[in-house]
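# Structure at a glance
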Amino acid sequence: MSETLTTMVADPAEKSPDQVKRTAPSRCRETQSRGLSQRARRAQGETVVSTLMAKTLAHPELISLAAGFVDATRLPVETMLKATGAVLADGKRARAALQYGTTAGYAPLRQAIFDRLLVADGQTAEQAGLTLGQIVITSGSNQLLHHVGEVLLDPDDIVLCAAPSYFVFLGIIESLGAVTVGVEADEQGIVPEAVEATLAALEKQGRAGRVKAIYVTSYFDNPSGVSVSSRRRPALVDIAARHGLYLIEDVAYRELRYRGDDLPSLRSFDAGGDTVIQAGTFSKSFSPGIRVGWGVLPRELVGPVLAQKGHLDFGSANFNQTLMAEVFARDAFDPHVQRLRDHYREKMNAALQAVDEFLRPIDGVRCESPAGGLYVWLRLPETIDTGLEGPLFDRAVEEGVLYVPGEVCYPREGVPVGRNTIRLSFGIQSCESIRDGVKSLARAIRRLD
Ligand SMILES: Cc1ncc(COP(=O)(O)O)c(C=O)c1O
């Protein structure tokens, strides 16, 4: 395996045409612009998200199985009405909430997140090796991921990422001039042996010293829907610790489980509390409009992350954090999540049934069944290019359905881009529309024959 990987991890000095072809489509295109910083130039150009949004707006009749949005009909309007009323009815509290807060975040919310993490992982603070000071609130977990990128990465540094991975974070890493190197993932998540092999391959190239972190979405990955298996969790923490790397654990979808029991987080295996960076969010489990996320940070990263955040905004919206804390104080969060689970379970089943009925009969179509999250990941026959520029995408639009081409979710190097892959989201559509959308996709695929 290591030999294949040695050849697959591109040497920056020498890119064969084949390697160039394998590269994921541009998330960050460096362009010539007078006066702009290198970072701004790297981040220029239309992003995949804006292309997909433009298509959706231009064709409102399309069934979008692309957007990773949560279901608007299940947003917690009543709960927020009560929480907001309670906060504003108390003059002193209202004025405090409407004032700036602290950079690290609203203390009662940090405490609620801390307590919940310990309960979820079945640990005491001592067993977890954690103190409250290691919890930092951000404006969504994307902001935390961004700060982590800023404090860890210089140009040409490397982050090993499960292939495929959450494409927005891939874009953040690349916009900082750092390199995303893909590591094989299967139905149990990122493969620990492949992480070791990739590190060995980079060592041979003299680049191992540039590797700073490993990035994994440990529950119901975006896009693959896969969770890291119980056996692999401690193994990944061990590899990161042995190689002196940070392990960035994204738990954006942890609460959205529709089958089976919760698993202890990767963080819970980091007894020293100095290896795993955990990024969490209420965007998926509660409301993205509130946009409250958090980080559980190794002690030595708390200061650097707060310094970055101090420059950026010296604290996320205090009002939103106060409202989230009020939601917990009223014990309104867990019942909401329970209702969401029941709702999304039905949608996931509708999506999987439609895949069974319309897509599996097509030769070479494969799909793993997720146990939670918002996504279904499809592999089509190798000959079908699902990309924005490929033949299927336009046919799918003609048939009335929009999907995310899987190619955008692949790191720059390391693992060949899955040009035959597709991410379908079942978050926003009704069960009926999910079924119609999958049926339309099947029609588009058959039209390629
Ligand atoms: C895996 C993953 N991480 C992080 C985020 C960021 O979410 P937010 O910034 O809203 O917390 C998303 C959003 O889609 C995601 O899918």
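See the structure printed just above.
Analysis parameters
- Residues numbered from 1 in each chain as written.
- Predicted model: local features only at pLDDT ≥ 70, side-chain atom pairs only at ≥ 80, totals over all residues.
- Heavy atoms only, no water.
- Helix = DSSP H or I, 4+ residues; strand = E, 2+ residues; numbered from the N terminus.
- Buried < 20%, exposed > 50% of the residue type's maximum accessible area, 1.4 Å probe, protein only.
- Areas by Shrake-Rupley, 256 points an atom, 1.4 Å probe, with all protein chains shown as cover.
- Lys, Arg positive; Asp, Glu negative; His and termini not counted.
- Charge placed at Lys NZ, Arg CZ, Asp CG, Glu CD.
- Near = heavy atom within 4 Å.
- Polar contact = N/O pair within 3.5 Å; in protein donor to acceptor, adjacent residues only side chain to side chain.
- Nonpolar A, V, L, I, M, F, W, Y, C, P; charged D, E, K, R; others polar.
- Salt bridge = Lys/Arg side-chain N within 4 Å of Asp/Glu carboxyl O.
- Pairing = 2+ DSSP bridges.
- Contact = heavy atoms within 4.5 Å.
- Axes fitted to C-alpha atoms, helices over the stretch in contact; angles between N-to-C directions.
- Core = buried A, V, L, I, M, F, W, Y, C linked by side-chain atoms within 4.5 Å.
- Domains from an automatic or database assignment.
- Arc of directions from axis to C-beta.

Broken down by element type, the chain carries 17 helices and 14 strands. Classification of the 449 residues of the chain by burial places 57% in the buried group. Surface accessibility of the chain: about 18,700 Å² in total, with carbon and sulfur atoms responsible for 52%. Where the 50 positive side-chain charges of the chain centre and where its 55 negative ones centre are 4 Å apart.

So, on to the site of the ligand. Residues in contact with the ligand amount to 13 residues; listed here are only the nearest, Ser 141, Asp 250, Tyr 253, Thr 281 and Ser 283. Take Asn 142: an N or O atom from its main chain is 3.0 Å from an oxygen atom of the ligand. Measuring from an oxygen atom of the ligand, one finds a side-chain N or O atom of Tyr 253 at 2.6 Å. Of the residues belonging to the shell around the ligand, the class tally is three nonpolar, seven polar and three charged.

All chains considered together, the criterion is met by 22 salt bridges. The partner of Asp 186 in a salt bridge is Arg 232, and the shortest N-O contact between them spans 2.7 Å. Placement of Asp 186 in strand S4 (residues 179-186) and of Arg 232 in helix H12 (residues 232-242) is noted, with a sequence separation of 46 residues between them. Of the charged contacts, one joins Glu 413 and Arg 207 as a salt bridge, the two residues approaching to 3.3 Å between their closest N and O atoms. Here the residue Glu 413 occupies a position in the loop between strand S13 (404-405) and strand S14 (421-425), and Arg 207 occupies one in the loop between helix H11 (192-204) and strand S6 (211-217), the gap between them amounting to 206 residues. For the pair formed by Glu 413 and Arg 207, the shared burial category is buried.

Here we have four strands laid out as an open sheet, ordered S10-S11-S14-S13, and antiparallel in their pairing. Because the sheet does not close on itself, it has two edges, and the strands there are strand S10 (366-367) and S13. Taken together, the two bridges between S13 and S14 define a ladder with antiparallel strand orientation. Looking at S14, one finds that Val 404 is bridged to Arg 423. In this fold helix H15 (residues 333-359) packs onto S10 and strand S11 (375-379), with an angle of close to 20° to the strand it touches most, S11.

Before going further, it helps to spend a moment on the environment of Ser 229. Residue position: Ser 229 is located in the loop between S6 and H12. Considering only alpha carbons, one finds Ser 229 and Ser 218, 11 residues apart in sequence, at a separation of 8.6 Å.

Turning our eyes to something else, we now look at the nonpolar core. Grouped together as the largest cluster of nonpolar side chains are 54 residues, with contacts concentrated most on Leu 359, Val 376, Leu 378, Leu 392, Leu 424, Val 438 and Leu 441. If you list the elements that add at least two residues to this core, you get helix H4 (48-58), H15, S11, helix H16 (391-399), strand S12 (401-402), S14 and helix H17 (431-446). Both domains that furnish three or more residues to this core are identified here as domain 1 (38-75 + 335-446) and domain 2 (77-331). Residues in contact with Val 438, not counting those within four places in the same chain, are Leu 65, Ala 354, Val 355, Phe 358, Leu 359 and Leu 424. One finds Phe 286, Ile 290, Met 324 and Phe 328 within the second-largest nonpolar core, a separate group that totals 29 residues.

Along H4, the residues that are buried comprise Val 48, Thr 51 and Leu 52. Viewed end-on, H4 has its buried residues packed into an arc of 95°, placing them on one side of the element. Summarising the contacts, the buried residues of H4 are in contact with H16, S12 and S13.

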